[in-house]
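Summary of the model geometry
Each chain is listed here by its residues.
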Protein chains: 2
Amino acid sequence: MNQKKITIHDISRVLGIDSSTVSRALNDSDRVTQKTKELILNKAKELGYQRNILASNLRTNKTQTIAIVLPRISRYFFATVIAGIEETAQEKGFNVVICQSLDSFEREKKIIHNLIANRVDGILISIAMETTNYEHLESFQSLGNPIVFFDRPCHLDNCVNITIDNYTASFKATEHLILKGCKHIAHFSGKQNIDLYKQRKEGYLGALQKYQIPIDENLIFESNLSEEDGVIMAKKMLENPEIDGLYSSNDTAAISAIQYLKTQGKKIPQDIAVVGFNNDPIAAIIEPSLTTVNQPGFEIGKIAANQLILQIENKTSQNNSLILNSELIIRDSSNR
Amino acid sequence: MNQKKITIHDISRVLGIDSSTVSRALNDSDRVTQKTKELILNKAKELGYQRNILASNLRTNKTQTIAIVLPRISRYFFATVIAGIEETAQEKGFNVVICQSLDSFEREKKIIHNLIANRVDGILISIAMETTNYEHLESFQSLGNPIVFFDRPCHLDNCVNITIDNYTASFKATEHLILKGCKHIAHFSGKQNIDLYKQRKEGYLGALQKYQIPIDENLIFESNLSEEDGVIMAKKMLENPEIDGLYSSNDTAAISAIQYLKTQGKKIPQDIAVVGFNNDPIAAIIEPSLTTVNQPGFEIGKIAANQLILQIENKTSQNNSLILNSELIIRDSSNR
DNA sequence: TTTAAAAATACAATCGATTGTATAAATAAA
DNA sequence: TTTATTTATACAATCGATTGTATTTTTAAA
């Protein structure tokens, strides 16, 4: 039942050719003649040979595996990024392992140490909300392995950052509300140690500035942007009856806020126009449907994986940033 | 920069103790005296020793890794199952790799072959919609490795199936509609090669039978239950003006159907009451909120992982089925 | 035909941990 | 004290592929 595996030594013995030559033939080395190669390849196929990846990994200290580390796989945006990464990885012959940090620093640290122990060749990461210390990532780098950051940039040396134009996207989202006549626009912001939320806030501020709307710090609410946070912030918002617009740094908080606001008798978008961020599938379904920013997740994934694999294969490290464009999708929640 | 790794041989050399003893000490074997163990463990810590998992894997032909294979990680139910599996796996010291079949048989086959090549110790799988042939799974089994099926059962020999009480849940869902006064209840069903959809259909039929409602095959619509399918089936439904209830085998189709029905001027639940299945987060958010069946995904994940790891560690194989209870969550879409 | 150069293949060490067997040390029994 | 028995440690092979070096074979040049 439990058939024993064929090794290069079996092929070597059967053909009377040294196992080193067999190995090289199987790896298509040019140190082996075409004729011998064919001999070996045919015999390998005939015997049903399958390379023992564990042995190969040990010898080369490589695993042909890249890891994705992100807060939560169930978020739509991340799911699209994963799809993009997997497509590219498959093309290039890399395995992918997916790890969830759940936005916890401790979990992220554990994950990275585990990835080091398992000798993954590179990491694609969107860092946890809690993360402010990067030693775990540096120790991965110090082993000569590349890291590519996506979505949430990080300014470690020798890293590639793939992000979207958060500033511009936010600017346009806010501008859109202004052009719809909103005079007092609230902003739901994320933790400011995450660059991306800082940039979104700055885009919001930039738009206000351009249209000479005074900046009111009391209109800016910072949180983790969870569902619960959305309700809490919406409550606070209502204390200021002037507010007639809301730009939220994600859809989750925007949607729970809308739901709460509706229970309080507010009309969306007539009383308060709302714009979110991410284009979660739910944004198209709720009522009113949510105006939001769509990010090219699949493309981000493809580009990030490409960059990473490039670095793995060339053993180079880079220090550049790629910024992709996003688009504002206008729906009913701001349509007035 | 690129610090060279400490091996058991380094420890062996420094202490003048053979590497085999070092290895045994690190594995807490009782062939090593307590005193020597401490000596070795302390030195290991001092030198910053980390076991080379690749070498260990090669020697033992084990990887302490289990794989999850499922259609799509972004589905809420699967995401909760994954969380449960990860919790258990972490407790027991196993790594987890997650793979998406996207309901494609070809992808699933490739994934399994890859998992075999990478010597994962066991597989937790919810088979792809397209899968009707199980050779790929049998070849994993024939290597002496256990498989646990969850969500979508499969009747291979020597396998554990973890599912929910699909028949009962469907029965209750349908009964609920009947008790709300629905006389002509449509059913959105999935592909019948998937046991789970067969059982859900049977539960629907069972409830009709109990209440002596004639079964009308024209009220049963079979599809992949995608968003688009939901709209297509809703259109067909409207050809029959008698229909006053809908029980859908998933929320996705139920929700897109509701949206379409609303555009056609149908009132939910007054004209047509709707019940879904899965309790996707969106079910609580749409209007009207969707009555649906909640599955204990987290628990399913924990139990499935426990079963698998048990088999891996005891090298036993089992052939039993575990059926968990689900609950009907009643919301507005059926509240009339 | 002989020699030099290039090409193909063989030899042997290696990656680092594990494990069956042999030996040495410690303890108990005679 | 000597022998038998148990316990602790050392020796050495092994998992299977990879790779630098050495050797043989082939081809080309003289």
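As a convention, each chain's residues are numbered from 1 in the sequence order in which they are written. Whichever chain is written first is A, and whichever ligand is written first is 1; the rest continue in order. Only residues with pLDDT of at least 70 get local features here, since the model is predicted, and only at 80 or more are side-chain atom pairs given and counted; chain-wide, interface and lining totals rely on the full set of residues. As a convention, hydrogens and water are excluded, and side-chain values are obtained from all of the structure's heavy atoms.

Quick look at the relation of the copies chain B and chain A
Put simply, the rule reads: Least-squares fitting of one copy onto the other uses the C-alpha atoms of those residues that reach a pLDDT of at least 70 in both copies. For this analysis, residues touch if any pair of their heavy atoms sits within 4.5 Å.
Rotating chain B by 180° about the axis while translating it 0.0 Å along that axis superimposes it on chain A, leaving an RMSD of 0.1 Å. Each copy turns onto its partner about a two-fold axis. When C-alpha positions in chain B are compared against the rotation axis, the closest is assigned to Ser 74 of chain B, at 2.4 Å. A shared interface surface links the copies, since 100% of the contact residues of chain B are contact residues in chain A too.

Quick notes on empty space enclosed by the protein
Residue and element names in this part refer to chain B. Using the following cut-off: In this analysis a 1.4 Å probe is tested at points of a 1 Å grid over the protein atoms alone, and where it fits but cannot get out there is a cavity; an open set with protein on both sides within 12 Å along at least five of seven lines is a pocket; lining residues have an atom within 4 Å of a point. Grid points are joined across faces, edges and corners, and a volume is the space filled by probe spheres set on the points. Counting from the N terminus, the helices are the DSSP runs of H or I reaching at least four residues and the strands are the DSSP runs of E reaching at least two.
Under the criterion given, the structure shown has three cavities of 30 Å³ or more. Considering only enclosed or pocket space, the largest cavity measures out at about 50 Å³ in volume. What lines the largest cavity is Asp 165, Thr 168, Ala 169, Lys 172, Val 293, Ser 326, Glu 327 and Leu 328. Contributions of two or more residues to the lining of the largest cavity are made by α8 (166-179) and β12 (327-329).

So, the protein's contact with DNA strand D
Heads up, the rule is: Distances are taken per atom, and a residue is near a molecule or strand as soon as one of its heavy atoms is within 4 Å of it. Polar contact is the term for a pair of N or O atoms within 3.5 Å; when the atoms are in protein, one must be able to donate a hydrogen and the other to accept it, and sequence-neighboring residues count only if both atoms are side-chain atoms.
Taken together, 27 residues lie around DNA strand D, and Ile 8, Arg 24, Arg 31, Tyr 49 and Arg 59 of chain A are the ones closest in. The contact atoms of DNA strand D, taken as those within 4 Å of the protein, divide so that sugar and phosphate hold 55%. Thr 21 of chain B is positioned such that a nitrogen or oxygen atom in its side chain is 3.3 Å from a phosphate oxygen of DNA strand D. Of all the secondary structure elements, the ones that give two or more residues to the surface near DNA strand D are α1 (8-15), α2 (19-26) and α4 (53-60) of chain A together with α2 (19-26) and α4 (53-60) of chain B. Here the element with the most residues in the surface near DNA strand D is α4 of chain A; it accounts for four residues.

Section: the domain arrangement of chain A
Residue and element names in this part refer to chain A. The test is simple: Domain start and stop positions are those given by an automatic or database domain assignment. By convention, the term buried area covers the 1.4 Å-probe accessible surface removed from two parts as they join, with the contributions of both added. We define a salt bridge as a side-chain nitrogen of Lys or Arg found within 4 Å of a carboxyl oxygen belonging to Asp or Glu.
The assigned domain composition of chain A is domain 1 (8-51), domain 2 (63-163 + 297-324) and domain 3 (166-295 + 329-334). Both faces combined, the contact of domain 2 with domain 3 buries some 1,100 Å², and carbon together with sulfur accounts for 58% of it. Interface area lost by domain 2 to domain 3 is led by Tyr 76, Phe 77 and Met 129, which between them contribute 49%. Across the contact surface, domain 2 and domain 3 share zero salt bridges. Where domain 2 packs against domain 3, one counts four residue pairs in polar contact (both at pLDDT 80 or more).

Things to note about the nonpolar core
As a rule of thumb, nonpolar side chains are buried together in soluble globular proteins. Which entries qualify depends on this criterion: Residue types Ala, Val, Leu, Ile, Met, Phe, Trp, Tyr and Cys, when buried and joined through side-chain atoms within 4.5 Å, form a set referred to as a nonpolar core. Remark: exposure states derive from per-residue accessible area (1.4 Å probe, protein chains only) relative to the maximum for the residue type, with buried under 20%, exposed over 50%, and partly exposed in between.
Ranked by internal contacts, the top residues of the largest apolar core, which has 146 residues, are Leu 124 of chain A together with Leu 124 of chain B. Leaving out residues up to four positions away in the same chain, Leu 124 of chain B has contacts with Ile 66, Ala 67, Ile 68, Val 69, Ile 85, Val 148, Phe 150, Ala 304, Ala 305 and Leu 308 of chain B. In terms of nonpolar packing, the next biggest core, distinct from the first, is built from 39 residues, Ile 112 and Ile 116 of chain A together with Ala 67 and Cys 159 of chain B among them.

A word on the protein's contact with DNA strand C
Using the following cut-off: Residues were grouped as follows: Ala, Val, Leu, Ile, Met, Phe, Trp, Tyr, Cys and Pro as nonpolar; Asp, Glu, Lys and Arg as charged; and all remaining residues, including Gly, as polar.
The local shell around DNA strand C holds 28 residues, among which Thr 36 of chain A together with Ile 8, Arg 31, Tyr 49 and Arg 59 of chain B are the closest. Of all atoms in DNA strand C that approach within 4 Å of the protein, 55% are sugar or phosphate atoms. Arg 31 of chain B is positioned such that a nitrogen or oxygen atom in its side chain is 2.3 Å from a base oxygen of DNA strand C. Here a phosphate oxygen of DNA strand C sits 2.6 Å away from a polar atom, N or O, in the side chain of Tyr 49 of chain B. Here the surface near DNA strand C gets four residues from one element, more than from any other, and that element is α4 of chain B. For the surface near DNA strand C, the residue count by class is six nonpolar, 13 polar and nine charged.

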